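Residues per chain are reported as follows:
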Amino acid sequence: MKVHARSMKIVLVLMGIMALALSPCVSQAAEYSLKNFLVLVDDQLILKGPADIVPNQGASVPARSDLGSRNKITLGGSATTDIPDGAPAPANPLELPDVAVVSPNVLLKAFAKVSMIVYDTATGSFPTPSGSGIVLPPAGRIFNDLGNNPLNTTGDKSLPDFPAFPTVTAGTTDVTVEASATVNIVPGNYRDLIIKAKGQVNFMEAGTYQFRRIITTTASKYSLNMLSEDIRIQVKEFVRLSEYGDVNPTNQQFLTIYVEGADGAYGGANKNQKGVTRSIGTFPAAFEYDGDGTFNACFVFVKNGTMNLRGHQSYITQWFGDSLQQISSLSISLQHPGHICYDVDIQCACITSFKLNKSTGILTVNGINFSTKTVEKLAIFSTSAAVAGVQNLTGGDLGKDQLAAFLSGLSAAGSTTFKTVNNMGTVLGPGNYYLGIIYPVSAETNNTPGYCIFVDKPLVVE
């Protein structure tokens, strides 16, 4: 069947400004979402204290502030590690705290205070905590199956995928900011960004800035200033940010930082403290910020190395990568930025044909990728509205949409067909109609991400 250009409108219009008018009526499984992880790493997450997590409150995008690792999380050992701040609140046992510790292996040491733990007895462990000052979650908030718990009822133990990691291509010319000087730069490919004592570098425009290395040469009141939103910083090898400096002190939105390199000395150029210990050894971390200034970013993604964080500092960002650890006895606080900067994966569903049973009024709809994750509702349009190519849809124009709860044949596994439960002849009455699929509200953005209208032929009700 020839697919009309408008009919496959896989109108991934990414309706970022449109909120869903009606919440889904069908009960769908809870599942892990990247937006809900304040920290997510592949290997090790170590917060030895003093440290705390500030729950995400009043953010434009409601999100949890969970700590996640695909391998191991270690909390406490040096001073109070409050996960979240005020753990083990809330006192009401029917409520879930904003912050959970989610990993196959969870180890609590002295002074760890935790509100909720999800580990996996089949693939990992949660040894009996030992040490002074440990506060365990209230009864009923320790779960031993990554695939079956209040945050994830899908049975799939996998934690969310990271955002896509870009190709990093450094240039051949250094940008050197001399002591107490200011340098303005625009998007482009550079070799090393070298900032000397009290240097100021202004990232002037939105776009991508690529470097081999970013190095501050000494602890001082230096500053990386973003003069626009939507700035992406990509680094090939490592980032060293010394003490007292500021990163994005004016909190421009949608700053993202990608670091490709693994932990290593890089010929002695990397002066960061050592990252986490692995079987291959321990080497200077691929990313380090020594604190005592301002650090605001949407997220930092260190693909292959350790993120070293030091206080006194409130970090307002999400952290993704191989490992993250606290490297001093100074207090640090982590907080969700309250907005999402990575691309959201949208699963598309479209209609390819349909058939109306005239005796029962049941409509059978055929197509691609129908599931509880891709179909929020079967939308019903007047032919004039659909032909006009209406935009920013959250439903049909007739108020006759069929929510997923009234569609049979939808499942998480997916299918190529579903049927209406209601008699569509009775629902619609005589006339010609176009059909469409409205996608479910995005767990990442709380918006309706797109729709697909089938206009190869109308549904005719006599």
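Because the structure is a prediction, the values reported are computed rather than measured. (Residues numbered from 1 in each chain as written. Predicted model: local features only at pLDDT ≥ 70, side-chain atom pairs only at ≥ 80, totals over all residues. Heavy atoms only, no water.)

1. Comments concerning the side chain of aspartate 120
Line of reasoning, step 1. Here aspartate 120 lies in the loop between strand 10 (117-118) and strand 11 (142-143).
Line of reasoning, step 2. A distance of 2.8 Å separates polar atoms of two side chains, one belonging to aspartate 120 and the other to lysine 157.
Line of reasoning, step 3. In contact with aspartate 120, other than residues within four places in its own chain, are Ser103, Pro104, Ser125, Asn144, Asp145, Leu146 and Lys157. (Helix = DSSP H or I, 4+ residues; strand = E, 2+ residues; numbered from the N terminus. Polar contact = N/O pair within 3.5 Å; in protein donor to acceptor, adjacent residues only side chain to side chain. Contact = heavy atoms within 4.5 Å.)

2. A closer look at the packing of aromatic side chains
A ring pair, where both rings are aromatic, is described by two values, the distance of the centres and the angle of the planes.
Line of reasoning, step 1. Tallied over the full model, the rule gives 25 aromatic pairs.
Line of reasoning, step 2. Ring centres 6.1 Å apart and planes at 45 degrees place the aromatic pair phenylalanine 162 and phenylalanine 320 in the tilted group. Taken together, the residues span a long stretch of sequence, with phenylalanine 162 in the loop between strand 11 and strand 12 (175-177) and phenylalanine 320 in strand 24 (residues 313-326) at a distance of 158 residues. Assigned by exposure class, phenylalanine 162 and phenylalanine 320 land together as buried.
Line of reasoning, step 3. Their ring planes at 35 degrees and their centres at 5.4 Å tell us that phenylalanine 238 and tyrosine 266 sit as a pair that is tilted. Of the two residues, phenylalanine 238 is situated in strand 19 (residues 231-241) and tyrosine 266 in the loop between strand 21 (256-262) and strand 22 (287-289); the sequence distance between them amounts to 28 residues. (Phe/Tyr/Trp six-rings, centres within 6.5 Å; stacked < 30°, edge-to-face > 60°. Buried < 20%, exposed > 50% of the residue type's maximum accessible area, 1.4 Å probe, protein only.)

3. Considering the pattern of salt bridges
Line of reasoning, step 1. All told, the structure shown has 20 salt bridges when counted by the stated rule.
Line of reasoning, step 2. Salt-bridge contacts for arginine 310 lead to aspartate 292; the nearest nitrogen and oxygen are separated by 3.8 Å. Of this pair, arginine 310 sits in the loop between strand 23 (295-309) and strand 24 while aspartate 292 sits in the loop between strand 22 and strand 23, placing them 18 residues apart in sequence.
Line of reasoning, step 3. One network of salt bridges, in which partners are shared, links Asp43, Asp263, Arg278 and Asp322. (Salt bridge = Lys/Arg side-chain N within 4 Å of Asp/Glu carboxyl O.)

4. Some points on the environment of asparagine 71
Line of reasoning, step 1. Among the secondary structure elements, asparagine 71 is positioned in the loop between strand 4 (66-69) and strand 5 (72-75).
Line of reasoning, step 2. When its relative accessible area of 29% is taken as the criterion, asparagine 71 is described as partly exposed.
Line of reasoning, step 3. Each C-alpha atom of the pair asparagine 71 and glutamine 44 lies 6.3 Å from the other, and the pair is 27 residues apart in sequence.
Line of reasoning, step 4. In this structure, asparagine 71 is in contact with Asp42, Asp43, Gln44, Ser103, Pro104 and Asn105, ignoring residues within four places of it in sequence.
Line of reasoning, step 5. Of note is the side chain of asparagine 71, whose polar atom sits 2.7 Å from the side chain of aspartate 43.

5. Some details on empty space enclosed by the protein
Line of reasoning, step 1. Counted according to the given criterion, the structure contains 1 cavity of 30 Å³ or more.
Line of reasoning, step 2. For the largest cavity, the full set of lining residues is Ile214, Leu224, Ile233, Val239, Leu241, Ile257 and Phe287.
Line of reasoning, step 3. Here the lining of the largest cavity gets 3 residues from one element, more than from any other, and that element is strand 19.
Line of reasoning, step 4. Of the residues contributing to the lining of the largest cavity, the split by class is 7 nonpolar, no polar and no charged. (1 Å grid on protein atoms, 1.4 Å probe; cavity = no way out; pocket = protein on both sides within 12 Å on 5 of 7 lines; lining within 4 Å. Points joined across faces, edges and corners; volume = space filled by probe spheres on them. Nonpolar A, V, L, I, M, F, W, Y, C, P; charged D, E, K, R; others polar.)

6. Side note on the state of the cysteines
Line of reasoning, step 1. Tallied over the entire structure, the rule returns 2 disulfides.
Line of reasoning, step 2. Across a sulfur-sulfur distance of 1.9 Å, cysteine 298 and cysteine 341 are joined as a disulfide pair. Looking down the S-S bond of the cysteine 298 and cysteine 341 bridge, the torsion is 110 degrees, so its handedness is right-handed. Separated by 43 residues along the polypeptide, cysteine 298 in strand 23 and cysteine 341 in the loop between strand 25 (332-335) and strand 26 (350-356) bring together distant segments of the chain.
Line of reasoning, step 3. The exposure class of cysteine 341 is partly exposed, given its relative accessible area of 22%.
Line of reasoning, step 4. Each bonded cysteine in the protein gets a number by its place in the sequence, and the pairs come out as 1-2, 3-4. (Disulfide = S-S within 2.5 Å.)

7. Overview of the pairing of strand 15 (residues 192-195)
Line of reasoning, step 1. Taking every second residue as pointing to the same face, both faces of strand 15 are buried, with Asp192 and Ile194 on one and Leu193 and Ile195 on the other.
Line of reasoning, step 2. One ladder, built from 3 bridges, connects strand 12 with strand 15; its direction is parallel. Bridged to threonine 176 within strand 15 is isoleucine 194.
Line of reasoning, step 3. For strand 15 and strand 17 (residues 207-216), the ladder comprises 4 bridges, and the chain directions are parallel. The residue bridging leucine 193 from the neighbouring strand is isoleucine 214, located in strand 17. (Pairing = 2+ DSSP bridges.)

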